[in-house]
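Architecture at a glance
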Amino acid sequence: MAGNWKMYKTAGETTAFFEKFIPMVSASTHCDIAICAPFVNLPAAISAAKGSRTGIGAQNLYWGKEGAFTGEVSGPMLKAIGCEWVIVGHSERRQYFGETDATVLKRTQAALEHGLKPIVCVGERLEERESGNTEPVLREQFDGGIAHLTPEQFAQIVIAYEPVWAIGTGKVATPEMACDAHRFLRGLIAAKYGAGQAAASRILYGGSVKPDNVKGLMAQVEIDGALVGGASLEPASFASIVNF
Ligand code: PEP
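This structure is a prediction, so every number in the text was calculated from the model and none was measured.

The ligand sits among 14 residues. The nearest are Lys6, Glu162, Gly168, Ser208 and Gly229. In this structure, an oxygen atom belonging to the ligand sits 2.7 Å away from a side-chain N or O atom of Glu162. Between the ligand and Gly229, the relevant distance is 2.8 Å, taken from an oxygen atom to a main-chain nitrogen or oxygen of the residue. Contact with the protein chains hides 98% of the accessible area of the ligand, taken as 290 Å² for the molecule alone. Residue composition of the shell around the ligand, by class: four nonpolar, eight polar and two charged.

A separate point is the side chain of Glu124. Relative to the elements of secondary structure, Glu124 occurs in the loop between β5 (117-122) and α6 (126-130). There is a polar contact of 2.9 Å between the side chain of Glu124 and the side chain of Tyr161. Discounting chain neighbours no more than four positions away, the residues touching Glu124 are Arg129, Thr134, Val137, Tyr161, Glu162, Pro163, Val164 and Trp165.

A separate point is the nonpolar core. If you look at the biggest cluster of nonpolar residues, it comprises 66 residues, and the most contacted ones within it are Met1, Phe18, Phe21, Phe154, Tyr205 and Phe238. In terms of residue count, the dominant contributor to this core is helix α9 (residues 175-193) (seven residues). Discounting chain neighbours no more than four positions away, the residues touching Phe18 are Trp5, Pro23, Ile35, Ala45, Ala48, Ala49, Thr54 and Ile56. Core analysis: the second largest hydrophobic core is formed by eleven residues, Ala34, Cys121, Ala160 and Leu204 among them.

Our next topic: the side chain of Asn4. You can see Asn4 is positioned in strand β1 (residues 2-4). There is a polar contact of 3.0 Å between the side chain of Asn4 and the backbone nitrogen of Lys6. The residues contacting Asn4, other than those within four sequence positions of it, are Cys36, Gln59, Ile87, His90, Leu227, Val228, Gly229 and Ser232.

Scanning the entire structure with this criterion turns up 13 salt bridges. Residue Glu222 pairs with Arg183 through a salt bridge whose shortest N-O separation is 3.9 Å. Of the two residues, Glu222 is situated in the loop between α11 (214-218) and β8 (225-228) and Arg183 in helix α9; the sequence distance between them amounts to 39 residues. Here Asp224 and Arg186 are joined by a salt bridge, their closest N and O atoms 2.9 Å apart. Separated by 38 residues along the polypeptide, Asp224 in the loop between α11 and β8 and Arg186 in helix α9 bring together distant segments of the chain. Given a relative accessible area of 12%, Arg186 falls into the buried group.

Of all the positions in helix α7 (residues 134-144), only Thr134, Val137, Leu138, Gln141 and Phe142 are classed as buried. Looking straight down α7, one finds its buried side chains confined to an arc of 130°; they lie on one side.

Within the structure shown, the criterion is met by eleven aromatic pairs. The interplanar angle of 80° and the centroid separation of 5.2 Å between the aromatic rings of Phe17 and Phe18 together place this pair among those described as edge-to-face. The pair formed by Phe17 and Phe18 is uniform in burial state, with each residue classed as buried. Considering the side-chain rings of Phe142 and Phe154, the 6.1 Å spacing of their centres and the 70° angle between planes classify their relative orientation as edge-to-face.

This part covers the packing of α7 against α9. Interhelical geometry of α7 versus α9 gives an angle of 40° and a closest axis separation of 10 Å. In terms of orientation, α7 lies oblique with respect to α9. With respect to the hand of their crossing, α7 and α9 are arranged in right-handed fashion. Contacts between α7 and α9 involve Glu135, Leu138, Arg139 and Phe142 from the former and Ala181, Phe184, Leu185, Leu188, Ile189, Lys192 and Tyr193 from the latter. Classifying every residue of the contact of α7 with α9 by side-chain character gives eight nonpolar, no polar and three charged.

A few words on unusual backbone geometry. Despite not being glycine, Lys6 has its phi angle at roughly 50°, a positive value. Summarising the element assignment, Lys6 is placed in the loop between β1 and α1 (11-24). One non-glycine residue, Ser208, lies in positive phi territory at about 60°. Relative to the assigned elements, Ser208 resides in the loop between β7 (202-206) and α11. Judged by relative accessible area, which is 9%, Ser208 ranks as buried.

Criteria and cut-off values
Residues numbered from 1 in each chain as written. Predicted model: local features only at pLDDT ≥ 70, side-chain atom pairs only at ≥ 80, totals over all residues. Heavy atoms only, no water. Near = heavy atom within 4 Å. Polar contact = N/O pair within 3.5 Å; in protein donor to acceptor, adjacent residues only side chain to side chain. Areas by Shrake-Rupley, 256 points an atom, 1.4 Å probe, with all protein chains shown as cover. Nonpolar A, V, L, I, M, F, W, Y, C, P; charged D, E, K, R; others polar. Helix = DSSP H or I, 4+ residues; strand = E, 2+ residues; numbered from the N terminus. Contact = heavy atoms within 4.5 Å. Core = buried A, V, L, I, M, F, W, Y, C linked by side-chain atoms within 4.5 Å. Buried < 20%, exposed > 50% of the residue type's maximum accessible area, 1.4 Å probe, protein only. Salt bridge = Lys/Arg side-chain N within 4 Å of Asp/Glu carboxyl O. Arc of directions from axis to C-beta. Phe/Tyr/Trp six-rings, centres within 6.5 Å; stacked < 30°, edge-to-face > 60°. Axes fitted to C-alpha atoms, helices over the stretch in contact; angles between N-to-C directions. Parallel < 35°, antiparallel > 145°, perpendicular 65-115°, else oblique. Left-handed = near helix turned anticlockwise from the far one by under 90°.

Below, the structure is given as structure tokens:
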């Protein structure tokens, strides 16, 4: 269960969140828990979550180790401060910051090279779903990006299926819609990496997950977890999703 805080919270608000949140999920051993915070708040989050079961992640990384790349943050930098996870290829990065399947692949490879666990996002836009193109879009994102990982690399990634039309809109995909997309993705994984890897891969659903719809989504056999934006910002709300 991963939270994506996007560009929300100051360092002080980050610390205050964890003071409340950590005790609320201390008995939850059924899943990994991650919070992906803005870069500047990672030290506060890592310090506040120390010794707990909640791992901390970034929301992006650059693929170079170091160099003249003003404004960028590298995998070794994230690893050095104790970051565990990193979101790669979120639809907001694709939409506003020129992220492509090729750069998703480079970032994913860099994350793995530096010991970070990537949560790689894929998903169709509304017009793509409405024109019946969900599966071709997912296939293109898969083939153009993470299908170039080695089997050893692929075994370490988590995939997040996030239909773009459901992110931050309150329009959640029905559990059946999400399940169908996850099943399709698992088929792509099986064809490329084998049935064993397809069964082992963790595929999260993301898109307006809330305390009141998480149970229905998680009841689907294909859905292994959730990537949660808005509802991860409040301790009680994200804790009730984690403890679904
Ligand atoms: C997200 O940011 O990945 C997301 C799914 O957002 P929300 O839960 O707010 O739709």
